[in-house]
Amino acid sequence: MAIHPPETKIWWKEPVHSIEIWWVLIALVWSLIMFVMMPYWHVYGEQNLSNEAYRVDPEYFGEKVEDMVKKYTIREEGDTGIPVVAPPVGSDVFLLARLWEWYPILELKKGEKYRLHLSSMDWMHGFSLQPTNINLSIHPGYDFVVTITPTESGKFSIICNEYCGIGHHTMAGRMYVTDK
Amino acid sequence: MSILSKSRICPETGLFFDDQAEKLIKWNAVTGVVFLLVGGAFGVLMALTRWTEVHILPADWFYLLLTAHGLDALIVWIIFFEMAVLYLASSTLLKVRLAAPKWAWLGYWLMLIGAVITNVMVLEGDSSVMFTSYPPMKAHPLFYLGIIIFAVGALIGTFCFFGTLVLAKEQKTYEGSLPLVTFGALTAAIIAVFTIASGAIILVPTLLWSLGYIAHIDPLMYKTIWWAMGHSSQQINVSAHVSIWYLIAAIIFGAKPLSEKVSRMAFLFYIFFLQLASAHHLLVEPGLSSEWKIFNTSYAMYLAVLGSMIHGLTVPGSIEAAQRKKGFNKGLFEWLRRAPWGNPVFSGMFMSLVMFGFLGGITGVIMGTEQINIIMHNTLYVPGHFHATVVAGTTLTFMAISYFLVPVLFRRELWLPGLAKWQPYIYGLGVAGISVFMMAAGTLGVSRRHWDNNFADATLGFDYPAAAHMFLALNGLSGLLAGLGGASFCIIMVGTILWGKKKGDVAATEPAPAPEPAVHQAGSAGSIAVPGTFVLALIFLGSFILYYYVNWKYLSEVWLLS
């Protein structure tokens, strides 16, 4: 029994039943298939995170965001005073997270590529684009660069899904995607 | 080493109990159950707050109690019970006195003091940082100090376990190799040392940072090392509860492992690869390369998953072999139909096995796939998954073995045996519901650790689909059911200790005859075939493959990322 020492002292030389051998082999093959799926998707899939990230000073990142806002603001969102920014296609786009907002509101074009830079001004935050359901971790001091191509148009929300204190549940931003 | 120590042989089970080991097993297990009661009650409040229409707690209390729930239910209850398991698997199974019992008591008290300090800090309200406590968010220094003291206590207990193994070898209390259950416990203990070392590496500097002696803790470094503790501590649980599955198969059915070689190899895979899982929490992080993520998240080509899939065959397989030996040979599944479903030791264990595999294992591997994590990270899918592994897997297994251990240790009959018969089903169904409905809501994007799923106070509001709110309501109902099952367990255990009918005096020194082992050799080639288990394993594999590719399909539908 499993609560007694093995009855045969040289237990590692005992033969194994074919059912066990088959299962180990099947499970091993499945494990290897799952392992190969990840590099495979890097080559053939279209949803992969870049390995591009930089250390960044939060103040410097904030300035980059302000530059973009000054240049490309097209309107304000209702009476909230939050700028809606439509940066050029293919450009470097900046989005910052801070207690407790996403800033600014971006307006992107469907089917176009953007280099999205994400960073936090203070604590950790979680970028959760809904209802598309793309989720990324945002750290202070790290500029996370993701090349993103919206495949649908409409109004999207950015929820914070990394707990960031008592106002965490009020931290929701917005993103617009327009048809070309 | 000729220190005389008192011991007894249990007249019903023939198990050996060293006096000190027995006391420590009792105290650790009972203390664990107290924290389970506290942590579990907070858990029910979480489920009720997430239920949109009920929304029972205010925001500050939600985050405060969520921190306490994680600490007490995931760490304190489980580690206390694991100390009991380690002492049982060493002293009792090897029939040797416990090494350094005074140190083991010191470990116990340190764990208790640490757990109480951290709990007080959280309940005072200035350490609502979640149990992950990611900087730069700061908790009270005593919050970190409490965890460190708790971990030191656990480390001392772990070394008493190692010492007891050495003592047994020295005194030749057993011949040949360790029993499989003890080997599994050894696996858990080795992983525990790695886990606690990782915890010390990150929490000691964090404590100094909270006191102002260190200026900066890098959040990415913290997260990487913290999860080497956080995730590995869950691997201690896996090793411990798989060992208990083998233990329960042995005591209920007299089952022998199909082959010692295969089962031990599976545990060895755990020792080699299970600790790489810190990466599961870092798949959508900046600054870590895809190569690093792929190698680590897959436990080096899924070899630890292979280990679990092996146990998934060999545990039920050993039961099938034992049952067939007894003559339950009709068809594929008579052995399973005729199992003692009314015995909570068995029913709890078997449900745990099924739910750990189907709900916890499959979803864990899928969520831990580098790219698929993009559509799941930090959604409710995550707690949905780990409630299947930790609650349905570990907690339910620990409950099942308690139905065996508590009457044996306290020499009393089970209180309310009728309720005990139903408890694993009530609790199991509740936990299955919690797990499935949280994962369903997570698939729709609902965030974890989030107080308001209506975004009522947000400047820019947002609405989840109506189905998400329905899943959250079902999660609330499941939480109530699990709460009922958990409370029943605590009532039965406390009742047994206080009011259970006393068994006869401990006079017998002759062990009761051990049940006849099903198979006599250590290999399985000559043993009975286990076709029923093989069919179950293939059903498992089919579900796994199907759901795995369903999630790749989901991923392929989101925006393009590169």
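Residues numbered from 1 in each chain as written. Chains lettered and ligands numbered in written order. Predicted model: local features only at pLDDT ≥ 70, side-chain atom pairs only at ≥ 80, totals over all residues. Heavy atoms only, no water.

**Some thoughts on the overall build of chain A**
Moving on, step 1. Counting its regular elements, chain A contains two helices and 12 strands.
Moving on, step 2. Sequence-ordered secondary structure for chain A, helices as α and strands as β, is α-β-α-β-β-β-β-β-β-β-β-β-β-β.
Moving on, step 3. Rg of the C-alpha trace for chain A: 24 Å, well past the compact-globule value of 16 Å for 180 residues, more than 25% over.
Moving on, step 4. Oriented by its inertia axes, the alpha-carbon framework of chain A measures out at about 80 × 40 × 30 Å.
Moving on, step 5. Within chain A, the proportion of its 180 residues that are buried is 57%.
Moving on, step 6. If you take every contact in chain A between residues at least 6 apart in sequence, the share linking residues at least 24 apart comes to 59%.
Moving on, step 7. For chain A, the exposed area adds up to about 7,500 Å²; of that, 57% sits on carbon and sulfur atoms. (Helix = DSSP H or I, 4+ residues; strand = E, 2+ residues; numbered from the N terminus. Rg over C-alpha atoms; globule rule 2.2 N^0.38 Å. Buried < 20%, exposed > 50% of the residue type's maximum accessible area, 1.4 Å probe, protein only. Contact = heavy atoms within 4.5 Å. Areas by Shrake-Rupley, 256 points an atom, 1.4 Å probe, with all protein chains shown as cover.)

**Quick notes on the pattern of salt bridges**
Moving on, step 1. Considering all chains together, one arrives at 15 salt bridges over all chains under this definition.
Moving on, step 2. A salt bridge links Asp218 of chain B to Arg55 of chain A; its shortest N-O distance comes to 3.2 Å. Of this pair, Asp218 of chain B sits in the loop between α5 (180-210) and α6 (219-253) while Arg55 of chain A sits in strand β1 (residues 53-55), on two different chains.
Moving on, step 3. On the accessibility criterion, Arg55 of chain A (61% relative accessible area) is exposed. (Salt bridge = Lys/Arg side-chain N within 4 Å of Asp/Glu carboxyl O.)

**Details of helix α4 (residues 141-170) of chain B**
An α-helical turn contains 3.6 residues, so a residue and the one three or four places further along point in the same direction.
Moving on, step 1. End to end, α4 of chain B covers 44 Å across 30 residues, agreeing with the expected 44 Å (1.5 Å per residue, within 8%).
Moving on, step 2. Just past α4 of chain B, the residue Lys172 of chain B takes up positive phi, approximately 50 degrees. (Expected span 1.5 Å × (residues − 1).)

**Overview of the interface of chain B and chain A**
Moving on, step 1. Facing 117 residues of chain B, the contacting portion of chain A comprises 88 residues.
Moving on, step 2. Buried surface at the junction of chain B and chain A, summed over both partners, amounts to about 9,000 Å²; 69% is from carbon and sulfur atoms.
Moving on, step 3. When the buried surface of chain B facing chain A is broken down by residue, Leu460, Trp559 and Leu560 of chain B rank first, second and third, together holding 11% of it.
Moving on, step 4. Here chain B is connected to chain A by two salt bridges.
Moving on, step 5. At the junction of chain B with chain A, the criterion picks out 39 residue pairs in polar contact (both at pLDDT 80 or more).
Moving on, step 6. Among the elements that take part in the side of chain B that touches chain A, helix α15 (residues 531-556) of chain B stands out by supplying 12 residues, more than any other.
Moving on, step 7. Residue classes in the side of chain B that touches chain A are distributed as 71 nonpolar, 30 polar and 16 charged. (Buried area = accessible area lost by both parts, 1.4 Å probe. Polar contact = N/O pair within 3.5 Å; in protein donor to acceptor, adjacent residues only side chain to side chain. Nonpolar A, V, L, I, M, F, W, Y, C, P; charged D, E, K, R; others polar.)

**Examining the packing of aromatic side chains**
Working definition: an aromatic ring pair is given by the centre-to-centre distance plus the angle between the planes.
Moving on, step 1. As enumerated under the stated definition, the model contains 49 aromatic pairs over all chains in all.
Moving on, step 2. With a centroid separation of 6.0 Å and an interplanar angle of 80 degrees, the aromatic rings of Phe267 of chain B and Tyr270 of chain B are classed as edge-to-face. Within this pair, Phe267 of chain B and its partner Tyr270 of chain B are both found in helix α7 (residues 260-273), separated by three residues, close to a single helical turn.
Moving on, step 3. Look at Phe540 of chain B and Phe544 of chain B: their rings are 5.8 Å apart centre to centre, the planes differ by 65 degrees, and that puts the pair in the edge-to-face class. Pair noted here: Phe540 of chain B and Phe544 of chain B are both in helix α15, with a separation of four residues, about one helical turn. Of the two residues, Phe540 of chain B and Phe544 of chain B, both sit in the buried class.
Moving on, step 4. A network of ring pairs unites the aromatic residues Trp30 and Trp41 of chain A together with Phe358, Phe540, Phe544, Tyr548, Tyr549 and Trp552 of chain B as a single cluster.
Moving on, step 5. It is Arg75 of chain A that lies over the ring of Tyr176 of chain A; its NZ or CZ is 5.2 Å from the centre. (Phe/Tyr/Trp six-rings, centres within 6.5 Å; stacked < 30°, edge-to-face > 60°. Lys NZ or Arg CZ within 6 Å of the ring centre and 35° of its normal.)

**Here's the deal with the nonpolar core**
Moving on, step 1. Core analysis: the biggest nonpolar cluster contains 254 residues, and Phe127 and Leu136 of chain A have the highest contact counts within it.
Moving on, step 2. The contact partners of Phe127 of chain A, leaving out residues within four places of it in the chain, are Leu95, Trp102, Leu116, Leu118, Ile134, Asn135, Leu136, Ile138, Ile158, Ile159 and Asn161 of chain A.
Moving on, step 3. Counting residues in hydrophobic clusters, the runner-up holds five residues, among them Ile82, Val84 and Tyr176 of chain A together with Leu460 of chain B. (Core = buried A, V, L, I, M, F, W, Y, C linked by side-chain atoms within 4.5 Å.)

**A few points about the layout of surface pockets**
All names here are of chain B.
Moving on, step 1. Space inside the second largest pocket adds up to approximately 680 Å³.
Moving on, step 2. Considering the residues around the second largest pocket, the lining is formed by 38 residues, among which Gly39, Gly43, His69, Ala73 and His387 are closest to the centre.
Moving on, step 3. Counting only elements with at least two residues in the lining of the second largest pocket, the list comes to α1 (19-50), α2 (59-94), α12 (381-410), α13 (417-443) and α14 (466-499).
Moving on, step 4. For the lining of the second largest pocket, the leading source of residues is α1, giving 10 residues. (1 Å grid on protein atoms, 1.4 Å probe; cavity = no way out; pocket = protein on both sides within 12 Å on 5 of 7 lines; lining within 4 Å. Points joined across faces, edges and corners; volume = space filled by probe spheres on them.)

**Here's the deal with the confidence of the model for chain B**
Residues and elements named next belong to chain B.
Moving on, step 1. The pLDDT averaged across chain B works out to 94; a share of 95% of its residues lies at or above 70.
Moving on, step 2. Segment residues 508-513: pLDDT under 50, and eight contacts once partners within four positions in sequence are set aside and those in other chains are kept.
Moving on, step 3. Note on residues 515-522: pLDDT under 50 across the span, and 23 contacts to partners over four residues away in sequence or across chains. (pLDDT = per-residue confidence, 0-100.)

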